[in-house]
Amino acid sequence: MSKWDISDMGSWKSSQFPLGAVIPDAGNSRDYVTGGWRSMRPYRDPETCTQCLLCWIVCPDSAIRVADEKIADDTFNFDHCKGCGVCANECPVEAITMSPEGCELPGVK
Amino acid sequence: MPEQKTVATTGNSVVAEAFRQCAPDVVPAYPITPQTTIVEEFAKFVAQGRVHAEYVTVESEHSAMSACIGASAAGARVMTATSSQGLALMWEELHIASGMRLPIVMANANRALSAPINIHCDHSDAMGARDTGWVMLFAETAQEAYDNTIMSVLIAEDPEVLLPVMTCLDGFITTHSIDRVQLMDDESVAGFVGEYVPQNALLDTDNPVSHGNFAGLGGPYFEFKRAQREAIDRSKAVVERVGKAFSDLSGRPFALIETDMMDDADVAIVVIGSTAGNVRHVAKQMRAEGLKAGVVKVRCFRPFPHAELAAALSSVKAVAVLDRAESFGAEGGPLYLETRSALYDLEHRMPVVNYVYGLGGSDVKLELIRSVFDDLSDIATGTPALHGPMYLGAR
Ligand code: SF4
Ligand code: SF4
């Protein structure tokens, strides 16, 4: 989380905002939840996956989780995955499939 | 007191001299007539090692102002110059510079806008940019262009302001004519403008910040615009304060509006830029012939000095506003609209008439100005005022 406390921003007056819409902190894109833009949802089949990590490299939103040098079981960070499908397109063994948001997916409730 | 030397030179050369003396860190620039010799001279100063600035040659004015914005956000003191189509090409960046609250200083050599193409003086370029959030100063002479440029740096960088400043001088008339100018010594100018201490500099890696952010629907965009309005309102006192300090240093007067023969004036002309000199000259002639004529010159157009203008004009019987720019479809030119609005709150409102003059550098002959005073004299004695704008001297 950003060091910058914006929890009560909704009540700020014009004079309380930082000059010229500057954000007085770096690395704040983590706090900007963009997962809501997603219309397609990726699913990784762990049986097919060979752990080549290519999807982790190509994801433009760094939304694929890795733990112990392996794709994590809890693969996708849906706070930031925008459903672009790049990972599914690039996976050499077609272990990732894309389905419309709201449909029933294996392993997704 | 500073050492001052008197020279005979052009407006552009003294603006370049002022740039050098204010020691900008970065000057991104693109040439355009009649501004070119400003950046040409400045480039020469850089080549000679007489100023240590990063001089960035860009491929357009769009890029020039973009580079200014980047450099200013990085924490540099930034200056540039443009004119006419160049200013028009900067349009979106003008808003970004003011919205990001970047204290960029830009000289603008006032020139007509195409079409038809024309390289000569009028104020259409600057007046077109009057709502972009920049503080705007206008010079009558090369001396004022020099003085305004130096003052602009302090005004822009004032913590109460932090807005870009445009310092305008009339194309060819002021930019290229040889004029008598007093130049200050380098140390005095350096001492006056001081060192720039940027806020939120991108190059301050100990305090990383993010510039150019998003404030969309439901976000605080509206509040940021309000903050900008408050800043330009505050800038009025800062322009006055800096003007006073510079006036004390240089011995030359400065005011948001400059009045001549207004104490007992019956009629007055409101004007901006180089034509003020002609108007003053004719006003003196009219006085000799018995008409109590006065002149009000607006030197600071943004923020507009409404109260000062109303006070200066409160007891005259008729006012003429000379606009060297159009506001097509409006009731009159930009200066007229501001002036009429400023006078609305007066207890006794007088007739205010509008003349558009000198577009595309068309000659502003003394007899044309005389005809305006003649009209005013008639209106002051009961002739109904004509609805304008009237095109002064146009066939
Ligand atoms: S769909 Fe796009 S954003 Fe989501 S994990 Fe795959 S590559 Fe990343
Ligand atoms: S690209 Fe495909 S095979 Fe490689 S790690 Fe990702 S899901 Fe597994």
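It should be emphasised that the depicted structure is a prediction, and the values quoted were computed from it without experimental measurement.

**A closer look at the overall build of chain A**
Phase 1 of the analysis: For chain A, the helix and strand inventory stands at two helices and four strands.
Phase 2 of the analysis: When the helices and strands of chain A are read in sequence order from the N terminus, they spell out β-α-β-β-α-β.
Phase 3 of the analysis: Computed over C-alpha atoms, the radius of gyration of chain A comes to 18 Å, more than 25% over the 13 Å expected from 2.2 N^0.38 for 109 residues, which places it beyond the range of a compact globule.
Phase 4 of the analysis: Based on the C-alpha atoms only, the size of chain A along its principal axes is roughly 55 × 30 × 20 Å.
Phase 5 of the analysis: The long-range share in chain A, meaning contacts at least 24 apart out of those at least 6 apart in sequence, stands at 58%.
Phase 6 of the analysis: For chain A, the exposed area adds up to about 7100 Å²; of that, 51% sits on carbon and sulfur atoms.
Phase 7 of the analysis: The averaged location of the 16 negative side-chain charges in chain A is 5 Å from the averaged location of its 10 positive side-chain charges.

**Digging into the site of ligand 2**
Phase 1 of the analysis: Neighbouring ligand 2 are 14 residues; Cys49, Cys52, Leu53, Cys55 and Cys91 of chain A lie closest to it.
Phase 2 of the analysis: Among the residues forming the shell around ligand 2, the class breakdown is 11 nonpolar, two polar and one charged.

**As for the sheet that holds strand E7 (residues 165-170) of chain B**
Within a sheet, each strand pairs with its neighbour through backbone hydrogen bonds, oriented either parallel or antiparallel.
Residue and element names in this part refer to chain B.
Phase 1 of the analysis: The five strands lie next to each other as E4-E5-E7-E6-E12, forming an open sheet whose pairing is mixed. Here the strands that pair on one side only, and so sit at the sheet edges, are strand E4 (79-82) and strand E12 (300-302). Along the sheet, successive strands turn relative to each other by an average axial angle of 20 degrees, direction set aside.
Phase 2 of the analysis: The sheet contact formed by E4 and strand E5 (residues 105-110) spans four bridges and is parallel. By the bridge assignment for E5, Thr82 is matched with Asn108.

**A few points about the interface of chain A and chain B**
Phase 1 of the analysis: Each side of the interface is counted separately: chain A has 15 residues, and chain B has 18 residues.
Phase 2 of the analysis: For the pair chain A and chain B, the two sides together bury roughly 1300 Å², of which 67% comes from carbon and sulfur.
Phase 3 of the analysis: At the junction of chain A with chain B, the criterion picks out three residue pairs in polar contact (both at pLDDT 80 or more).
Phase 4 of the analysis: Within the side of chain A that touches chain B, the residues separate by chemical class into 11 nonpolar, three polar and one charged.

**Looking at the site of ligand 1**
Phase 1 of the analysis: Taken together, 13 residues lie around ligand 1, and Cys59, Cys81, Cys84, Gly85 and Cys87 of chain A are the ones closest in.
Phase 2 of the analysis: The residue makeup of the shell around ligand 1, split by class, is nine nonpolar, two polar and two charged.

**So, the pattern of salt bridges**
Pairs can form between side chains of opposite charge once their charged atoms are near each other.
Phase 1 of the analysis: Using the criterion set out here, one finds 27 salt bridges over all chains in the structure.
Phase 2 of the analysis: Residue Asp61 of chain A pairs with Lys82 of chain A through a salt bridge whose shortest N-O separation is 2.7 Å. Placement of the pair is Asp61 of chain A in the loop between helix H1 (54-58) and strand E2 (64-67) and Lys82 of chain A in the loop between strand E3 (70-76) and helix H2 (86-90), with a sequence separation of 21 residues.
Phase 3 of the analysis: Linking Arg65 of chain A and Asp74 of chain A is a salt bridge whose minimum nitrogen-to-oxygen distance equals 3.1 Å.
Phase 4 of the analysis: When salt bridges with common partners are traced through the structure, they connect Glu140, Glu144, Glu258, Asp260, Arg280, Lys297 and Arg299 of chain B into a single cluster.

**Regarding the packing of aromatic side chains**
Phase 1 of the analysis: Per the stated rule, a full pass over the model turns up 10 aromatic pairs over all chains.
Phase 2 of the analysis: Ring centres of Phe192 of chain B and Phe246 of chain B lie 5.3 Å apart, and the angle between their planes is 70 degrees; on these two criteria the pair is classed as edge-to-face. Pair noted here: Phe192 of chain B is in helix H8 (residues 186-193) and Phe246 of chain B is in helix H9 (residues 221-250), with a separation of 54 residues, a long-range link. Just as Phe192 of chain B is buried, Phe246 of chain B falls in that class too.
Phase 3 of the analysis: Here Phe301 of chain B and Phe304 of chain B contribute two aromatic rings whose centre-to-centre distance is 5.4 Å and whose plane-to-plane angle is 80 degrees, an arrangement assigned as edge-to-face. The residues Phe301 of chain B and Phe304 of chain B share a single accessibility class, namely buried.
Phase 4 of the analysis: In this structure an aromatic cluster arises from ring pairing among Trp4, Trp12 and Phe17 of chain A together with Phe224 of chain B.
Phase 5 of the analysis: Directly above the ring of Phe78 of chain A sits Arg41 of chain A, whose terminal nitrogen or CZ lies 3.9 Å from the centroid.
Phase 6 of the analysis: In this structure, Arg349 of chain B packs its charged tip against the face of Tyr344 of chain B, placed 4.3 Å from the ring centre.

**Some words on the sheet that holds strand E15 (residues 390-391) of chain B**
Residues and elements named next belong to chain B.
Phase 1 of the analysis: On the basis of which strands lie adjacent, the open sheet formed by six strands has the order E9-E11-E10-E13-E14-E15 and mixed pairing. Taken across any chain shown, the strands that pair with only one partner, and hence form the sheet edges, are strand E9 (257-260) and E15.
Phase 2 of the analysis: For strand E14 (residues 352-356) and E15, the ladder comprises two bridges, and the chain directions are parallel. The partner of Tyr355 across the bridge, within E15, is Met390.
Phase 3 of the analysis: Those strands touched by helix H12 (residues 334-343) are strand E10 (267-271), strand E11 (293-298), strand E13 (318-323) and E14, and its axis lies near 150 degrees from that of E13.

**Considerations on the side chain of Glu61 of chain B**
Residues and elements named next belong to chain B.
Phase 1 of the analysis: With respect to the helices and strands, Glu61 occurs in helix H3 (residues 61-74).
Phase 2 of the analysis: It is Arg111 that comes nearest to the buried, bridge-free Glu61 among opposite-charge side chains, at 7.9 Å.
Phase 3 of the analysis: The contact partners of Glu61, leaving out residues within four places of it in the chain, are Tyr30, Pro31, Ile32, Thr82, Gly86, Leu89 and Met90.

**So, helix H7 (residues 142-157) of chain B**
Phase 1 of the analysis: Taking 1.5 Å of rise per residue, the 16 residues of H7 of chain B would be expected to cover 22 Å, and the 23 Å separating its terminal C-alpha atoms lies within 8% of that figure.
Phase 2 of the analysis: By the criterion of burial, H7 of chain B is predominantly enclosed, with 15 of the 16 residues buried.

Analysis parameters
Residues numbered from 1 in each chain as written. Chains lettered and ligands numbered in written order. Predicted model: local features only at pLDDT ≥ 70, side-chain atom pairs only at ≥ 80, totals over all residues. Heavy atoms only, no water. Helix = DSSP H or I, 4+ residues; strand = E, 2+ residues; numbered from the N terminus. Rg over C-alpha atoms; globule rule 2.2 N^0.38 Å. Contact = heavy atoms within 4.5 Å. Areas by Shrake-Rupley, 256 points an atom, 1.4 Å probe, with all protein chains shown as cover. Lys, Arg positive; Asp, Glu negative; His and termini not counted. Charge placed at Lys NZ, Arg CZ, Asp CG, Glu CD. Near = heavy atom within 4 Å. Nonpolar A, V, L, I, M, F, W, Y, C, P; charged D, E, K, R; others polar. Pairing = 2+ DSSP bridges. Axes fitted to C-alpha atoms, helices over the stretch in contact; angles between N-to-C directions. Buried area = accessible area lost by both parts, 1.4 Å probe. Polar contact = N/O pair within 3.5 Å; in protein donor to acceptor, adjacent residues only side chain to side chain. Salt bridge = Lys/Arg side-chain N within 4 Å of Asp/Glu carboxyl O. Phe/Tyr/Trp six-rings, centres within 6.5 Å; stacked < 30°, edge-to-face > 60°. Buried < 20%, exposed > 50% of the residue type's maximum accessible area, 1.4 Å probe, protein only. Lys NZ or Arg CZ within 6 Å of the ring centre and 35° of its normal. Expected span 1.5 Å × (residues − 1).

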